[in-house]
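Given next are the chains, with one letter for each unit.
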Amino acid sequence: MSTSSGPRRPDVTTVELVGGVEVRELTLSDFDERWAGLFREHRERIRAALVAVPVEIEHIGSTSVPGLAAKPIVDIVVAVDDITAEEDYLDALLAAGYELRVREPGHRLVRTPARDVHVHVYQRHDPAIGEYLLLRDHLRTDAADRALYESTKRDLLTRSWGDMNAYSDAKTDVIVAIKARARARTTPPRP
């Protein structure tokens with residue numbers, strides 16, 4: 001287990017997409033209370049697998065926002081001390097039944113074989129974690145932005161997408177605008 005303040009080794013420098021690009025039918029489902037239960041179930045599964053590793057686990061993405069329609073995929077973020085120390089967390093997650101999908105600088109993604117749960121692993125204090133939480137927390141409390149985000153997703157799903165990454169990339173502009181409003185709301189004005 002990593003206890004030093006720095007990484008054990010240099011991180012990967014390329015994106016490895018295990019299994020290559022996947023074409024999947026993307027659909028939105030109305031908010032489902034069962035998503036919170038699925039998160040809790042997987043949070044405990046992850047904690048049990050990583051019992052020797054200090055981790056933080058959060059439910060992120062649209063399934064974490066009550067009232068928001070979402071692709072029926074529960075996204076979870078896990079913060080570890082050292083993303084390069086895969087021996088501390090990756091083997092244990094694979095042994096717990098998850099499959100490696102993405103290995104890229106600063107990020108690993110494992111998922112269930114059913115592809116209904118995606119676990120994003122980042123190094124503790126990675127800015128990406130804060131960005132996920134900023135968006136989640138804002139959408140939980142701002143009905144107008146929640147409606148905007150849902151309508152954007154519904155519009156995008158009327159198009160054909162070669163893979164989920166292209167669909168995700170197409171949401172970037174609206175997400176950036178929503179997060180800017182979230183920051184403005186949470187940042188006190190300067191004197």
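Residues numbered from 1 in each chain as written. Predicted model: local features only at pLDDT ≥ 70, side-chain atom pairs only at ≥ 80, totals over all residues. Heavy atoms only, no water.

Draft legend 1. Structural view of the pattern of salt bridges. Tallied over the entire structure, the rule returns 21 salt bridges. Here Arg108 makes a salt bridge to Asp11, at a shortest N to O gap of 2.6 Å. One end of the pair, Arg108, is in strand β5 (residues 107–111); the other, Asp11, is in the segment before β1 (16–17), and 97 residues separate them in sequence. Under the relative-accessibility criterion, Arg108 is labelled buried at 1%. Between Arg34 and Asp32 there is a salt bridge whose closest N-O contact spans 2.6 Å. For Arg34, a relative accessible area of 66% gives the class exposed. Within the structure, one salt-bridge network assembled from shared partners comprises Asp11, Glu16, Glu86, Arg103 and Arg108. (Salt bridge = Lys/Arg side-chain N within 4 Å of Asp/Glu carboxyl O. Helix = DSSP H or I, 4+ residues; strand = E, 2+ residues; numbered from the N terminus. Buried < 20%, exposed > 50% of the residue type's maximum accessible area, 1.4 Å probe, protein only.)

Draft legend 2. Molecular detail of the nonpolar core. With 21 residues, the main nonpolar core has Ile46, Ile76, Val78, Tyr89, Leu93, Val119 and Val121 as its most contacted residues. At the level of secondary structure, the elements contributing two or more residues to this core comprise α1 (34–49), β3 (74–80), α2 (86–95) and β6 (117–123). No other element matches the four residues that β3 contributes to this core. The residues contacting Ile46, other than those within four sequence positions of it, are Ile57, Ile76, Val78, Leu93, Tyr98 and Val119. Core analysis: the second largest hydrophobic core is formed by nine residues, Ile73, Leu157, Trp161 and Met164 among them. (Core = buried A, V, L, I, M, F, W, Y, C linked by side-chain atoms within 4.5 Å. Contact = heavy atoms within 4.5 Å.)

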